Amino acid sequence: RLDDYELLNDMYGRIIGQWGLEMGHVSAVVGGVYRHEKYPDQPGVIHTVVPRAKQAEAVRFLLANVFTTPTWMLDTAILRRVEPTGSVDRIRTRQAAVLSDLLLDSKLSRLVEQDAFATPATPAYTIAELFGDLRRGLFSEVSAARPTTDAYRRNVQRLFADQMDRLLNTPLATPIPAGAFGGFTPPPPRPADARALARAELVSLDGQLRTAILRTTDRVTKAHFEDLRARIDRSLNPPR
């Protein structure tokens, strides 16, 4: 019955939505702090940084459970009952949200501050580590003997290239919106380190793609890698 298919579509949408919500909670660990509620006369600080190891673990979890193709959600027996197309875009939308959250200017600013106050006993998870971990995880295919990519991985790799372009080629400070009231507090500006490290990641990625193109025998993957190199060139050498 039609009602049964509508219910199935609703349930499938809810599952994807819940998955996205929970992955958002994991991304909040990166650059995160713990808040300890205390009275003024109680000793100790109120805010403590999430340990470096836990932040790195959160990124590894997201690489495995968001940015690796979520095959458990791609059951054609269900998908072809609820929609003729659209599953690739549904997943891309959720992946884009998580990646954008990981690379928010405000989060990157917190990472810089956490690094500034780090000690040998309490090391920080740095922007350099975040960018490097993401690049290595999102582009793990480039080190294969015969690189291949599927539609989901190609999408998320484009998202990474676009985010690096944003960090490199957009203003560091967010413009104050027109009509903002007097008490409006703009978000912290993107740290300049993020721009420099985004450039370094794109340069490194371009070199990896250049050699991966020579090894792949998959036509779509080769075209994808070549397109990524063109995107990177435009990011590194924007028209004036």
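So, the overall build of the protein chain
Item 1. Within the protein chain one finds nine helices and two strands.
Item 2. Listing every helix and strand of the protein chain by position from the N terminus yields α-β-β-α-α-α-α-α-α-α-α.
Item 3. Within the protein chain, the fraction of its 240 residues that count as buried is 38%.
Item 4. In the protein chain, of all internal contacts separated by at least 6 residues, the share reaching a separation of at least 24 is 72%.
Item 5. For the protein chain, the exposed surface amounts to about 13600 Å²; the carbon and sulfur share of it is 58%.

Quick look at the nonpolar core
Item 1. Formed by 48 residues in total, the largest nonpolar core has its most connected members in Phe-67, Leu-130, Phe-131 and Leu-134.
Item 2. At the level of elements, α1 (2-27), α2 (52-67), α4 (87-102), α5 (105-116), α6 (127-138), α7 (151-169), α8 (192-215) and α9 (219-236) are the ones that each hand at least two residues to this core.
Item 3. Ignoring anything within four residues of it in the chain, the contact list for Phe-131 reads Leu-103, Leu-108, Phe-160, Met-164, Leu-167, Ala-194, Leu-197, Ala-198 and Glu-201.

As for the packing of α6 against α8
Relative orientation and spacing of two packed helices are given, respectively, by the angle between their axes and the distance between those axes.
Item 1. Across the interface, α6 lies against α8 with an axial gap of 10 Å and an inter-helix angle of 25°. Accordingly, the angle class assigned to the pair α6 and α8 is roughly parallel. At the point where α6 passes α8, the crossing takes the right-handed sense. Contacts between α6 and α8 involve Ile-127, Ala-128, Phe-131, Gly-132 and Arg-135 from the former and Ala-194, Leu-197, Ala-198, Glu-201, Ser-204, Leu-205 and Gln-208 from the latter.
Item 2. Across the contact of α6 with α8, the residue classes break down as seven nonpolar, three polar and two charged.

What about the side chain of Ser-109?
Item 1. Following the sequence through the fold, Ser-109 ends up in helix α5.
Item 2. When residues no more than four places from it in sequence are discounted, the contact partners of Ser-109 are Pro-188, Pro-189, Arg-190 and Pro-191.

Side note on α6
Item 1. Helix length check: α6, at twelve residues, gives a terminal C-alpha distance of 16 Å against a target of 16 Å (1.5 Å per residue), a fit within 8%.
Item 2. Every buried residue belonging to α6 is among Ile-127, Leu-130, Phe-131, Gly-132, Leu-134, Arg-135 and Leu-138, and all of these are buried.

Observations regarding the environment of Leu-134
Item 1. Its place among the elements puts Leu-134 in helix α6.
Item 2. Sequence-wise, Leu-134 and Leu-62 are 72 residues apart; in three dimensions their C-alpha atoms are separated by 9.5 Å.
Item 3. In contact with Leu-134, other than residues within four places in its own chain, are Val-59, Leu-63, Phe-67, Leu-99, Leu-102, Leu-103 and Phe-160.

With respect to the packing of α2 against α6
Item 1. At their nearest, the axes of α2 and α6 sit 10 Å apart, and the two run at 25° to each other. The orientation of α2 with respect to α6, classified from their angle, is roughly parallel. α6 is crossed by α2, and the crossing has right-handed handedness. Contacts from Arg-52, Val-59, Leu-63 and Phe-67 in α2 reach Glu-129, Leu-130, Asp-133, Leu-134, Gly-137 and Leu-138 in α6.
Item 2. In the contact of α2 with α6, the residues fall into six nonpolar, one polar and three charged.

A closer look at the pattern of salt bridges
Item 1. Using the criterion set out here, one finds nine salt bridges in the structure.
Item 2. Glu-201 serves as the salt-bridge partner of Arg-135, at 2.3 Å between the closest nitrogen and oxygen. In this pair, Arg-135 sits in helix α6 while Glu-201 sits in helix α8, placing the two residues 66 residues apart along the sequence.
Item 3. Here Glu-201 falls in the buried class, since its relative accessible area comes to 9%.
Item 4. Residues participating in the shared-partner salt-bridge network are Asp-105, Arg-166 and Arg-190.

Here's the deal with the confidence of the model for the protein chain
Item 1. Residue-level pLDDT values for the protein chain average 85, and 81% of them are 70 or greater.
Item 2. Confidence scores differ between elements of the protein chain, with helix α3 (residues 76-82) showing the lowest mean pLDDT of 60 and α9 the highest of 97.

A closer look at the environment of Val-59
Item 1. Among the secondary structure elements, Val-59 is positioned in helix α2.
Item 2. Residue Val-59 is classed as buried on the basis of its relative accessible area of 1%.
Item 3. C-alpha of Val-59 to C-alpha of Asp-133: the two residues are 74 residues apart in sequence and 7.5 Å apart in space.
Item 4. Dropping the residues within four chain positions of it, Val-59 is found in contact with Val-30, Tyr-125, Leu-130, Asp-133 and Leu-134.

How each quantity is defined
- Residues numbered from 1 in each chain as written.
- Predicted model: local features only at pLDDT ≥ 70, side-chain atom pairs only at ≥ 80, totals over all residues.
- Heavy atoms only, no water.
- Helix = DSSP H or I, 4+ residues; strand = E, 2+ residues; numbered from the N terminus.
- Buried < 20%, exposed > 50% of the residue type's maximum accessible area, 1.4 Å probe, protein only.
- Contact = heavy atoms within 4.5 Å.
- Areas by Shrake-Rupley, 256 points an atom, 1.4 Å probe, with all protein chains shown as cover.
- Core = buried A, V, L, I, M, F, W, Y, C linked by side-chain atoms within 4.5 Å.
- Axes fitted to C-alpha atoms, helices over the stretch in contact; angles between N-to-C directions.
- Parallel < 35°, antiparallel > 145°, perpendicular 65-115°, else oblique.
- Left-handed = near helix turned anticlockwise from the far one by under 90°.
- Nonpolar A, V, L, I, M, F, W, Y, C, P; charged D, E, K, R; others polar.
- Expected span 1.5 Å × (residues − 1).
- Salt bridge = Lys/Arg side-chain N within 4 Å of Asp/Glu carboxyl O.
- pLDDT = per-residue confidence, 0-100.

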